[in-house]
Structure formats: C-alpha cells, structure tokens
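# Breakdown of the fold
Chain by chain, the residues run as shown.
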Amino acid sequence: MPVVNFRKTDFLPAQEQGSALQKKLIITVDGPAASGKGTLAKKLADRLGYAYLDTGALYRAVAMATLEIGGDPGYMQDVAPALDIICRNLTPELLSNPSLRTPEVSQAASKVAAHPQVRQALLQYQRDFAHKPPGLVGGAVLDGRDIGTVVCPDADIKFFITASVEERAKRRYAELCDARTDMTFETVLDDLKTRDQRDATRAVAPTLAAEDAYILDTTGLNPAETLEEAISIIRARFLSETNDNGGAQPANGKPTATAV
Ligand code: CDP
C-alpha cells in the first residue's frame, strides 16, 4: 500500500485552519440509544468547526409537547397539535432544553417517532440544516437513527455507532444518576431495550446502518478514542478519494482505516 502523507491542513480545527471550512462535508452519525453517537457527533463538529444537529432532540421536543398537553404519544391525533407547535418554534434553545432528556420523554419520543407524519414534518428541517448549516461554519454533523439512510443518503461520510446493550445502559445510568436517584440500573436497561426494539422494528425509517456506513463499536472505547478512530477514518477516506490510494473502505462492519 502506498505511503500516505496526510495534509495537516485538511482536518485540523476550523479555528486553526481555514481549509477545513471549505470542505463542507456532511457527516452522519447513527446508532441505537446511548451508543455514544451524540458525544462523537458533537466532538467531530467541534474538531472540524462544523455545525451540529442532535436530531433526537426534534423527536423529543414533539414528545414533550404532546405530554404537556396531556396527549398520548402513540396516537397521531394527539401528537398533531404538538407537532404543529414545535414545527413553528424550532429554536436552538428549545432543542437544548435539559427536560427533553428525561426517561419519560425518551420513551414518548420513540413512540412519536414511529408516526410517518411526524418524520415527514421534520425531514426538511434536517435536510436544510445539513445542506445549509447555520452560522459561518463549513459542513454539518447530524446524529440520529436514519440520517445516513433517509435524511442524508448523499452524505460524504457516514458512521454507525454500536456498543453492547449493557455498556450503553451503564452510560445512560451514569448520566441519569446525575439528575435523579430513583432509577435502578435494571429499569434503565429495560427502558433502553424497549426503545431499541421499537426504533429498530418500526415500519418507517427504522434504526439502520447505511450500506456505505463505517461501523464503530465503542464498547470499551472512551469518547476521545472514539473520536480519534472516526477522524482517522475521515482522513483515510478523504485521501482515498483524492489520491486513489486505497484508504478506508466501508466494509459492512469492518472499516479498514489506515493510520496516518
Ligand atoms: O440519546 P438517545 O440515543 O437515547 O436518543 P435520541 O437520539 O435523543 O433519540 C430519541 C428518540 O428519537 C429515539 O429513541 C428514536 O425513536 C427517535 N429518533 C428517530 O426516530 N430518528 C432520529 N433521527 C433521531 C431520533
């Protein structure tokens, strides 16, 4: 394999290197609950100076609004008024409200996300964000369940993040313990399994790795290690496209990123 000299300017932080701004890549990060996709997506966006969208927050916002008006998230008739309100008020403040992260809202989000009308109503917002990211940034990083398959099938780089269900439950349990003490590990594990099952088996846009996604198993990896793995895949992929040097290839679960 030819020796690759990665050009340092290509993927250094935007604050340090203007060239990363010109790339305008769309990067998608999908995966099941608490897999570490949000952490990776945020860190990637930070590192590259890109805009970041947590698409789960969109579904969570619709779910919370449904619960607030006393509706049942499983019934589209109840969800419709909440969806209407949220679609007219999608602001960064709304999407970063910590109340969106409660276990009740998580379960309700997974129920509202199964309605095709909800997914359709939120689709354009996500696509616009990916193609015209807000602010003076280069590209965009979006995380969710169907970003590489449905929202941005044309994305430049796609990741699918996995980890064992026990590891994911441990991470979510630790997060939740900071906020409340009435949750047991078993409840968190059960909630996670229920939500994963619902998300993976719904008829519309189920959780799925795109065929051209790099699959990263983060079991036993810390956030910094996961970020470095992803960055090395992006570098190798970028170089393989520009130099045809046979760098990283998505290989249905076996990314073969070349260390550079
Ligand atoms: O952070 P966590 O992985 O637990 O959840 P999230 O990404 O905030 O997503 C909350 C719920 O929204 C998921 O359980 C999915 O049902 C739904 N969702 C979706 O259907 N499609 C997306 N692109 C993102 C989230």
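Residues numbered from 1 in each chain as written. Predicted model: local features only at pLDDT ≥ 70, side-chain atom pairs only at ≥ 80, totals over all residues. Heavy atoms only, no water.

## Section: the sheet that holds strand β5 (residues 214-217)
Here is the rule: Each pair of strands is called paired provided DSSP finds at least two bridges between the two strands. Secondary structure elements follow DSSP: runs of H or I no shorter than four residues count as helices, runs of E no shorter than two count as strands, and numbering proceeds from the N terminus. Fitting a line to C-alpha atoms yields each axis, with helices limited to the stretch in contact; the angle taken between N-to-C directions then spans 0 to 180 degrees.
Strand order in the open sheet formed by five strands is β2-β3-β1-β4-β5, and the pairing between neighbours is parallel. The strands lining the two open edges of the sheet, one partner per strand, are β2 (51-54) and β5. Here the strands of the sheet are splayed against their neighbours by 20 degrees on average, with no regard to which way each runs. For strand β1 (residues 26-30) and strand β3 (residues 140-144), the ladder comprises five bridges, and the chain directions are parallel.

## Describing the pairing of β5
Operational definition: Relative accessibility thresholds used throughout: buried, under 20% of the residue-type maximum; exposed, over 50%; partly exposed, between the two (1.4 Å probe, protein chains only).
Alternating positions in β5 separate cleanly, Y214 and L216 being buried on one face and I215 and D217 remaining unburied on the opposite face. Pairing analysis gives four bridges linking strand β4 (residues 157-162) to β5, with the strands arranged parallel. The partner of T162 across the bridge, within β5, is D217.

## A closer look at the site of the ligand
Formally: Residues are labelled near a given molecule or strand when at least one of their non-hydrogen atoms is within 4 Å of it. Any pair of nitrogen or oxygen atoms within 3.5 Å is treated as a polar contact; in protein, a donor-acceptor pairing is required on top of that, and neighbouring residues in sequence qualify only through side-chain atoms on both sides. Accessible surface area values rest on a Shrake-Rupley calculation with a 1.4 Å probe, where residue burial reflects the displayed protein chains alone.
What surrounds the ligand is a group of 20 residues, the closest being K37, R60, R172, R195 and D199. Between an oxygen atom of the ligand and a side-chain N or O atom of R195, the distance comes to 2.7 Å. Considering the ligand on its own, with 530 Å² of exposed area, one finds that the protein chains cover 98% of that surface. For the shell around the ligand, the element with the highest residue contribution is helix α3 (residues 56-68), accounting for three residues.

## Some points on the nonpolar core
Selection criterion: Put simply, buried Ala, Val, Leu, Ile, Met, Phe, Trp, Tyr and Cys residues joined by side-chain atoms within 4.5 Å make one nonpolar core. Working rule for contacts: check all heavy atoms of both residues, and any pair within 4.5 Å makes them a contact.
Among the nonpolar cores identified, the biggest contains 35 residues, and Y59, V62, L95, V118, L142 and C152 are the most heavily contacted of them. Every element with two or more residues in this core is listed here: β2, α3, α4 (76-88), α6 (103-112), α7 (116-131), β3 and α8 (147-151). A per-element tally of this core places α3 first, with eight residues. In this view, C152 contacts I26, T28, A130, I147 and K158; residues no more than four positions away in its chain are not counted.

## Some remarks on α3
Spelled out, the test is: By definition here, a helix of n residues has an expected span of 1.5 Å times n minus one.
The end-to-end C-alpha distance of α3 is 18 Å, a good match for the 18 Å that 13 residues give at a rise of 1.5 Å each. Summarising burial for α3: ten of the 13 residues are buried, a large majority. Those residues of α3 not exposed but buried are A57, L58, Y59, R60, A61, V62, A63, M64, A65 and T66. Phi turns positive one or two residues past the end of α3, at G70, with a value near 80 degrees.

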